[in-house]
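A structural walkthrough
This is what each chain is made of:
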Amino acid sequence: EKAKEVTLEFTVNEGGIMSVTTEEFISVKDPDSRANSIARMVGKIMLCLVIAIVVGGTFYSQVQAGLKSYRIEQDKFNARVAALTEFYEEHNPEKIAIIEDTLRKHAGKESKLWKSLEAKYGKRPPRPIRTEF
């Protein structure tokens, strides 16, 4: 009796991307090898489950790290909005409506923004205070 066997090989690269390669071959089985065949199939299923758990855990960890980073950046942004709101309430209330756009425009260059506001208004905006950590 001839049977088709398929071998699956799972690999995960450094970026967490999983790829699967297959290899097929036809073999001649004797009637006594049915138990061995079932044992191999169960072993392969178990291996697939272990790989899925490991990859899933890695993916979950990466998502959690990304969410934490996002929350920190959002908290920094909110602190800057509060600081500029306080500053513009005193120096130029008309600018309060565009604070978020201004911060997005100067993302990564907030220090230069603070210095330019100090040069323009003669007073530096208050230091942003993060409330969440």
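Residues numbered from 1 in each chain as written. Predicted model: local features only at pLDDT ≥ 70, side-chain atom pairs only at ≥ 80, totals over all residues. Heavy atoms only, no water.

1. Some remarks on the overall build of the protein
In plain terms, the rule: Runs of H or I in DSSP of at least four residues are treated as helices and runs of E of at least two as strands, each being numbered from the N terminus. Exposure classes here rest on a 1.4 Å probe applied to the protein chains alone. A residue is buried below 20% of its type maximum, exposed above 50%, and partly exposed in between. For this analysis, residues touch if any pair of their heavy atoms sits within 4.5 Å.
Within the protein, the secondary structure is distributed over 3 helices and 2 strands. Secondary structure elements in the protein, listed N-terminal to C-terminal, are β-β-α-α-α. Looking at the 133 residues of the protein, the share that counts as buried comes to 17%. Intrachain contacts of the protein at a sequence separation of at least 6 include 48% that bridge at least 24 residues.

2. Notes on a positive patch on the surface
Going by this rule: Only residues whose relative accessible area exceeds 30% and that form no salt bridge enter a patch; like-charged residues are grouped when within 9 Å of one another, and nonpolar side chains (Val, Leu, Ile, Met, Phe, Trp, Tyr) when within 5 Å. Accessible surface is estimated by sampling points in the Shrake-Rupley manner with a 1.4 Å probe; for residues, cover comes only from the protein chains shown. Any carboxyl oxygen of Asp or Glu that lies within 4 Å of a side-chain nitrogen of Lys or Arg is treated as forming a salt bridge with it. A residue counts as positive if it is Lys or Arg and as negative if it is Asp or Glu; His and the chain ends are not included. All charge positions are set by atom: Lys at NZ, Arg at CZ, Asp at CG, Glu at CD.
Where like charges cluster on the molecular surface, the positive patch consists of Lys 105, Lys 109, Lys 112 and Lys 115. Within the fold, Lys 105 resides in helix 2 (residues 99-105). Note on Lys 105: relative accessible area 63%, which makes it exposed.

3. Some points on the nonpolar core
The following threshold applies: Take the buried residues of types Ala, Val, Leu, Ile, Met, Phe, Trp, Tyr and Cys, join any two whose side-chain atoms come within 4.5 Å, and each joined set is a nonpolar core.
Counting 11 residues, the largest nonpolar core consists of Phe 77, Val 81, Ala 83, Leu 84, Phe 87, Tyr 88, Ile 99, Leu 103, Leu 113, Trp 114 and Leu 117. Looking at this core, the elements with two or more residues in it are helix 1 (34-91), helix 2 and helix 3 (110-121). Element by element, the count of residues in this core is highest for helix 1, at 6 residues. If near-sequence neighbours (up to four positions away) are discounted, Ala 83 is found in contact with Trp 114, Pro 126, Arg 127 and Pro 128.

4. Looking at a nonpolar patch on the surface
Residues Ile 38, Met 41, Val 42, Ile 45, Met 46 and Leu 49 make up a contiguous nonpolar surface patch of about 550 Å² in total accessible area. Here Ile 45 shows up in helix 1.

5. So, the confidence of the model for the protein
As a reminder of what qualifies: The predictor attaches a confidence to each residue, called pLDDT, with possible values from 0 through 100.
Residues at a pLDDT of 70 or more form 85% of the protein, whose mean pLDDT is 82. Element-level mean pLDDT values for the protein span from 68 in strand 2 (residues 18-28) up to 94 in helix 2.

6. Points about the pattern of salt bridges
Scanning the model with the defined rule gives 6 salt bridges in all. Here Lys 123 and Glu 90 are joined by a salt bridge, their closest N and O atoms 3.5 Å apart. Taken together, the residues span a long stretch of sequence, with Lys 123 in the segment after helix 3 and Glu 90 in helix 1 at a distance of 33 residues. Residue Glu 90 is classed as exposed on the basis of its relative accessible area of 54%. A single salt-bridge network, built from bridges that share partners, covers Glu 100, Asp 101 and Arg 104.

7. Observations regarding helix 3
For the record, the criterion: For a helix, the expected span equals 1.5 Å multiplied by the number of residues minus one. The arc under discussion is defined with respect to the helix axis, by the directions toward the C-beta atoms.
With 12 residues, helix 3 should reach 16 Å at 1.5 Å per residue; the first-to-last C-alpha distance of 16 Å fits that figure. Where helix 3 is concerned, the buried positions are Glu 110, Leu 113, Trp 114 and Leu 117. Here the buried residues of helix 3 occupy an arc of 100 degrees about the axis, which is enough to place them on one side. Facing away from the buried side of helix 3 by over 90 degrees, the exposed positions are Lys 112, Lys 115 and Ala 119. One or two positions beyond helix 3, positive phi appears at Gly 122, with a value near 80 degrees.

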